[in-house]
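So the chains spell out like this:
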Amino acid sequence: MKILIVDDGPTNLKLLRLQLEAEGHDVLEAVNGIEALDVLEHETVDGVVSDILMPRMDGYLLSLEVRKDKRFSHLPLVLYTSTYNSPTDRELARNAGADAYICKPAPTDVIIAALQAAASAPRSTAASSAPRELESPILRQYSETLVRKLEDKSDELERAYQELAQTEARLSGLIESALDAIVAFDEQQKILLFNAAAETMFGCKRATTLQSPLSEFFPLPFCQALTGEPDDGQTGPRLLRALRRDGSEFTIEATVSILDSPQGRIYTMFIRDITERERAGRALHESEERFRSLIEASQDWIWEVDREGRLLYTNNAVQHILGYSADELLGHNVATLIHSEDRAIVAERVASFLEHPRPWQRQPLRWRHRDGGVRILESTANPVLDIDGRAVGYRGANHDDTERLAQEARISRLVHIHAVLSAIGNIVVRATDRSGLLHNACRVAVDQGEFKAACIGEGTVVGTLRVAASYGDAAILQSVAPDEPMPVNAPGRYHRHPGIQAFREKHKIVIGEFAVADVPAELRQEMKRAGVMSEVALPLGTEPWGVLTLFSESVRDYDEEEIGLLQQLAEEIDHAADFIAKSERLEYLAYHNSVTGLPNRSAFREHVQSMLDCGPVIVCVLNIRRFAYINDSRGRAFGDHCLAQIGIRLRRLFAASGFVAHPEGSTFLLAYPITDRLAAEIERLHAQLRRFENQAFTIDGEELYINPQCGVAIAPQHGDNGEMLERNGMSALAEADRRDELLYVFSENLQGRATRRLKLENDLRHALDQDEFELFYQPKFSTVGNRLLGAEALLRWRRPGELIQPADFISVLEETGLIVPVGQYLLRDALAHVVDWRARYQPDLRIAVNVSARELRYGGFLDQYRAILEPYRADQGIDIEITESLLMDDIDHNVPLLEKLRELGCHISIDDFGTGYSSLNYLTRLPADEIKIDQSFIATLTQSPETMGMITNIINLAHSLSLRVVAEGVENEEQAKLLRLLRCDVLQGYFLGRPMPADVFEEVLAGLSASPAIGTP
């Protein structure tokens, strides 16, 4: 139904509308009868629901007006009210033409039922026309009802007025008799009420203040802030300065009450003058603060105790001195904080002072700090006497004298430590052997450092610490420096000894006082019996090889400077010991390998020279194959252990007359005299290497097989000195590796090959300097329309008189690292061509450039490519081709590089796709734009259904990842047609175009750009 609701109450109107709309009815609104009639003039409705009591035109008159109009005579109309509810009201409603009379509130289904009943009920023409002869009686009845309602309302208002007058009189009396000032004001902050207390407080008459602005008496910010107060309720008391009529200021405490009335918001302020209270409080505070500041400013502990020693007062200085707050100590007997050794004497003296009251001055006393330390306080006090002159307690001040006494002791110790350092310097200069150095260091520490004893322990390979040097008190040394080695990690008597602990944990251990230190009780008693009160243990060396331990018969509070000087002492000893050890080590390393202990290259060459004087010699250069994998997978320490075991086994195999050396890495050198036919010697060597290969090594509990490979040189045929024999043996080793053989003997032909290889390397360097490298371009065509898309740049070497193919020199470029500058040349040349060709012939032309493994591993690769490509970032047309296997070899390193190249405007192409091992997971992560199917798959495309299926899958996979697919190595029409059917995007191969020089490729471009039909040649 479409229903018009009429009500002057917004809440009633909104609620009824929501209820009716919730049941699917359309609702129109009006706030009185006149608006309702206007709605009916413009809208067709199915019924009207109207309130009765409304301004301008009520519900009765609305009913009469509706029934007057023939258009609305049959319109259902329900009166809905909570005000008019007597039988007379109901009768008037019926007479006025209402179809139903419903009391608020009522369910919507009752209202809808009434409207529906009125709509379906028959209505006589006479009744619906509301003849004018009935209008006068109805209006008389309506007027009588209004008069009656007005009389009732007048009586009700009269009663309310009388009650209000009585309430107002009571409130007025309360306000006038209030001791606090009360001021009321409106939203414009005009004063409406000013009671008698306010007159007195502000010094003005009420008549002169009413309608005055509030700011005449209160600060403007306060007045302005009132506008931000809550909507109603009361704000808490606040302190502020007010202004009397004579201009003087005073302090008040004000509470503001806020009330919304029909005339607007009313603010009532309850005010109390707190001037006297503030003055008294300020005076009291100043007095207390003066006393407190004097006491608290003192660095001395000021206190008062009763006869039993209970603390009655203390300042906060006690926390700084003893670590306890005042609250913790008040009410407690402070005698418990006196050092236990002094407590009995103090108790006896205090009893005497209480019996015969008298002051004491500057009495030193030891106190226990909260942290367990000892403070020495100098005490001065006076007795507190009662009326009879009896001592009821003492007041006094204790001055902390600990720092002064400690400073004096510290200065003395520093002087002695500096003396030790000076003496150690002389010892280091004169030291010639390790034993004498360590002994003299201990002696100087005792004689000039005022330590009771000193000792230096050295670690052993079996995890023990042995005393290498000691000096000082025999009783102490007997306890702390035993003859037997002391276990470092095993539990036992020495486990918690400071020296052992410092060595094990690699940091200094300082025990200022064993009596209170966190050490085992057995160790504390042991030190006490030996007469040791404190100890310092200092590791020698960053990775400690030993420990310096210093013992004292007195308690020592070491500070950072003292410890620093002692550590400097330890560093001096370590430096001197290291110097002596390095001298010995350098002498050893001059002829030995540091990992295996075998003779090094220098020793080998000297020994081989002496062997050559006695006859023919076999020299073997032996390398451990894939040893790098052992280091990478097991770690350097495991690899070093493995090399040491290999050296031991080689010495065992050639123990009779052979000489084994270890020059570097995983390479070993063997030399032994020839005592039989050369063929028999080589066969015997081969058999020994086989036994070596088949016998497992056990390294750190792991079984491991080692694969050797050997190059052999025969003296004097292949060289007459150790250097030449080793070099030729290395050449034979390289050939053995190339042939994948266990052993290979050097030959003159091998020497020629090495010479040729060296010449090729030199020629390549010359070619780079002389710009002999050249780029050929192999075109690439779209499978749709055979359109030329670009080309792949291929490197050629145009040496004078011949053109050399990449297969003959690329591997050498890679091995020598020349591929890096050559790759930069290739990129610059390709970039220059493509920028020119795009400008003149084909704007979307792209040139692909290959990147090698050596280039990607080069640290400056990205910076150099950025320098070349950055000027053409917006439009450079370069594709970077990288093989799938190379990309996956180190994907975490390569992917970020390729992403940076894409940011420079390059496209990324994955070359030789299908020959590597990239998974779908990796493929989705790769920053690629296209993949190139390897030519090995294209070659068998027309013969192998399996190959066709795999290529189909590759193409579908690439397209699902929005990658373009290039087929390289297309050699015939059948392959090209099949690849087009499989929806391959780009074709490249000899069938479509061979690699050609840049000028020839440019001619192709020029011809195609001039022709409207662009296709294959």
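The structure displayed is predicted, hence computed values, not measured ones.

Caption draft 1: Expanded view of the overall build of the protein chain. Each helix and strand counted, the protein chain has 37 helices and 39 strands in total. Relative to a compact globule of 1017 residues, whose C-alpha radius of gyration would be 31 Å, the protein chain shows 55 Å and is clearly more extended. Dimensions along the principal axes, computed over C-alpha positions, put the protein chain at roughly 155 × 125 × 50 Å. Expressed as a percentage of its 1017 residues, the buried residues of the protein chain come to 44%.

Caption draft 2: Inspection of empty space enclosed by the protein at higher detail. Scanning all chains against the criterion turns up two cavities of 30 Å³ or more. Looking at the largest cavity, its volume works out to about 130 Å³. Taken together, 15 residues form the lining of the largest cavity, with Cys455, Val480, Met486, Gly499 and Thr549 sitting closest to its centre. Mapped by element, the contributors of at least two residues to the lining of the largest cavity are strand S17 (453-459), strand S18 (464-472), helix H18 (498-505) and strand S22 (546-552). In terms of residue class, the lining of the largest cavity is made up of 10 nonpolar, four polar and one charged. Its volume calculated, the second largest cavity comes out at about 40 Å³. The wall of the second largest cavity is formed by Val820, Gln824, Glu855, Tyr858, Phe861, Gln864 and Tyr865. Of all the secondary-structure elements, those providing two or more residues to the lining of the second largest cavity are helix H28 (819-840) and helix H30 (861-869). Here the element with the most residues in the lining of the second largest cavity is H30; it accounts for three residues. Its residues assigned to classes, the lining of the second largest cavity comprises four nonpolar, two polar and one charged.

Caption draft 3: Region of the structure containing the sheet that holds strand S2 (residues 26-30). With respect to topology, five strands assemble into an open sheet ordered S2-S1-S3-S4-S5, the strand pairing being parallel. Two strands lie at the open edges of the sheet, namely S2 and strand S5 (100-103), each paired on one side alone. Within the sheet, the average angular offset between the axes of one strand and its neighbour, ignoring direction, is 20 degrees. Here strand S4 (residues 77-81) runs beside S5; their pairing, made up of four bridges, is parallel. Pairing of Tyr80 across the sheet is with Ile102, part of S5. Packed on one face of the sheet, helix H2 (residues 33-42) meets strand S1 (2-6), S2 and strand S3 (47-50) and runs near 160 degrees to S1. Seen against the sheet, helix H3 (residues 59-68) touches S1, S3, S4 and S5 and runs at an angle of roughly 175 degrees to S4.

Caption draft 4: A look at the pairing of strand S11 (residues 264-273). Sheet topology note: the strand S6 (residues 181-185)/S11 ladder contains five bridges and is antiparallel. From the neighbouring strand, Ala181 faces S11, where its bridge partner is Ile271. Where strand S10 (residues 249-261) lies against S11, 10 bridges are found, and the strand directions are antiparallel. Directly across from Val256, in S11, lies its bridge partner Met269. The turn linking S10 back onto S11 is made up of two residues.

Caption draft 5: Expanded view of the packing of aromatic side chains. By the definition in use, this model includes 22 aromatic pairs. Aromatic side chains Phe194 and Phe217 sit 5.7 Å apart centroid to centroid with 40 degrees between the ring planes, which places their arrangement in the tilted category. Separated by 23 residues along the polypeptide, Phe194 in strand S7 (residues 191-194) and Phe217 in the loop between helix H9 (206-209) and helix H10 (220-225) bring together distant segments of the chain. Residue Phe194 is classed as buried on the basis of its relative accessible area, which comes to 2%. A residue is classified by how much of its surface remains accessible, and Phe217, at 1% relative accessible area, is buried. Sitting above the plane of the Phe353 ring, Arg358 keeps its charged end 4.1 Å from the centroid. Positioned above the aromatic ring of Phe697 is the side chain of Arg649, whose terminal nitrogen or guanidinium carbon lies 3.6 Å from the ring centre.

Caption draft 6: Just unusual backbone geometry, in detail. Cis geometry marks the peptide bond from Lys104 to Pro105, where omega comes out at -15 degrees. For Pro105, the position within the fold is in the loop between S5 and helix H5 (108-120). The linkage connecting Ala715 with the following residue, Pro716, adopts the cis geometry, with an omega of 15 degrees. Structurally, Pro716 is set in the loop between strand S28 (708-715) and helix H25 (722-739).

Caption draft 7: Region of the structure containing the sheet that holds S18. Reading across the sheet, the six strands line up as S19-S18-S17-S22-S21-S20 and stay open at both edges, with antiparallel pairing between neighbours. Of all strands in the sheet, those bounded by a partner on one side alone are strand S19 (486-487) and strand S20 (509-511). Strand direction decides the pairing type here: S17 and S22, joined by six bridges, are antiparallel. Among the inter-strand pairings, Ala454 is bridged to a residue of S22, identified as Leu550.

The rules we used
Residues numbered from 1 in each chain as written. Predicted model: local features only at pLDDT ≥ 70, side-chain atom pairs only at ≥ 80, totals over all residues. Heavy atoms only, no water. Helix = DSSP H or I, 4+ residues; strand = E, 2+ residues; numbered from the N terminus. Rg over C-alpha atoms; globule rule 2.2 N^0.38 Å. Buried < 20%, exposed > 50% of the residue type's maximum accessible area, 1.4 Å probe, protein only. 1 Å grid on protein atoms, 1.4 Å probe; cavity = no way out; pocket = protein on both sides within 12 Å on 5 of 7 lines; lining within 4 Å. Points joined across faces, edges and corners; volume = space filled by probe spheres on them. Nonpolar A, V, L, I, M, F, W, Y, C, P; charged D, E, K, R; others polar. Pairing = 2+ DSSP bridges. Axes fitted to C-alpha atoms, helices over the stretch in contact; angles between N-to-C directions. Contact = heavy atoms within 4.5 Å. Phe/Tyr/Trp six-rings, centres within 6.5 Å; stacked < 30°, edge-to-face > 60°. Lys NZ or Arg CZ within 6 Å of the ring centre and 35° of its normal.

So yeah, pure geometry; function would need other evidence.
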